[in-house]
Amino acid sequence: MGNIKGIEHIGITVPQIEQAEEFFKAAFGAETLYALIEKGGKPQVGEEMHGKNGLEPGARIIAMRMMRIADGANVELFEVDGVHGSTPDGPTRMGLHHFALYVDDLGAAAERFRQAGGTMLDGPIDLGGKEKGPGNQCWFGNTPWGLHVEFVHLPAPIALDDPDRTGPRWMPAGV
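Here the structure is a predicted model, which means the values were calculated and not measured.

Chemist: Quick one: what's the story with the pattern of salt bridges, residue by residue and with numbers?
Modeler: If you walk through the whole model with that rule in mind, you get seven salt bridges. Close ionic contact of Lys-25 with Glu-22 constitutes a salt bridge, the shortest N to O distance being 3.7 Å. You can see Lys-25 and its partner Glu-22 sitting in helix α1 (residues 17-28), three residues apart, about one turn around the helix. On the accessibility criterion, Lys-25 (32% relative accessible area) is partly exposed. Two residues, Arg-60 and Asp-81, come together in a salt bridge whose shortest N-O distance is 2.9 Å. With a gap of 21 residues between them, Arg-60 in strand β4 (residues 60-68) and Asp-81 in strand β5 (residues 74-81) connect regions that are remote in the sequence. Given a relative accessible area of 35%, Asp-81 falls into the partly exposed group. Among the charged side chains, a salt-bridge network with shared partners connects Glu-18, Lys-39 and Glu-79.

Right under this line is the structure:
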């Protein structure tokens, strides 16, 4: 029936695939599952792909990696050559605003992130509103190319608008 099961992957366009891949490994313990496109191999070109995935004419996806971070969604990295961002969507647009990772220890996650070359913003931040609770915090950082990453720790329950209708918020196994 086409029921949604959850997020399978998020796609992030990065300026340099090798730098992003190494950063994700160092900062998050990610592993590369496979390369969809190797640099120097056959790229995806905008003239063929525009109607399929929004790649702009004049642009080429020259490298793609599928990575895995712990037991959450996969991350697909793209490096694009040529036109960048003349359309409001598609893989030529740099990045994604942010993605969040659940962590057991905000301080340890922030230190690993810094060691990998990331920069942490002010924090940790006590969560408020429906996410308020003892120990519920987040902390944002920036990757070397400027993508925001949010680290989340939620040991206290979250107040859902209608738990009978919406069900629980997804959490990684063991949380």
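After that view, the rundown keeps rolling.
Chemist: Got a sec to walk through the packing of aromatic side chains? Specific residues and values, please.
Modeler: Throughout the structure, instances matching the rule amount to 11 aromatic pairs. Judged by centre distance (5.9 Å) and plane angle (35 degrees), the rings of Phe-28 and Phe-113 are tilted. One end of the pair, Phe-28, is in helix α1; the other, Phe-113, is in helix α3 (residues 106-115), with 85 residues separating them in the sequence. With a centroid separation of 5.4 Å and an interplanar angle of 80 degrees, the aromatic rings of Phe-113 and Phe-151 are classed as edge-to-face.

Chemist: Outline unusual backbone geometry, listing residues and values.
Modeler: In this model, Gly-123 is joined to Pro-124 through a cis peptide bond whose omega is 0 degrees. Considering the arrangement of structural elements, one finds Pro-124 in the loop between β7 (119-120) and β8 (125-126). Despite not being glycine, Ala-70 has its phi angle at roughly 45 degrees, a positive value. Here Ala-70 shows up in the loop between β4 and β5. On the accessibility criterion, Ala-70 (64% relative accessible area) is exposed.

Chemist: Give a description of the side chain of Glu-79 that names residues and reports values.
Modeler: Within the secondary structure, Glu-79 sits in strand β5. Residue classification places Glu-79 among the buried positions, given a relative accessible area of 8%. Side-chain polar atoms of Glu-79 contact the side chain of Lys-39, separated by 3.0 Å. If we skip the residues at most four places from it in the chain, Glu-79 touches Val-14, Pro-15, Gln-16, Ile-17, Glu-18, Lys-39, Arg-60, Ile-61, Ile-62 and Ala-63.

What counts and how
- Residues numbered from 1 in each chain as written.
- Predicted model: local features only at pLDDT ≥ 70, side-chain atom pairs only at ≥ 80, totals over all residues.
- Heavy atoms only, no water.
- Salt bridge = Lys/Arg side-chain N within 4 Å of Asp/Glu carboxyl O.
- Helix = DSSP H or I, 4+ residues; strand = E, 2+ residues; numbered from the N terminus.
- Buried < 20%, exposed > 50% of the residue type's maximum accessible area, 1.4 Å probe, protein only.
- Phe/Tyr/Trp six-rings, centres within 6.5 Å; stacked < 30°, edge-to-face > 60°.
- Polar contact = N/O pair within 3.5 Å; in protein donor to acceptor, adjacent residues only side chain to side chain.
- Contact = heavy atoms within 4.5 Å.

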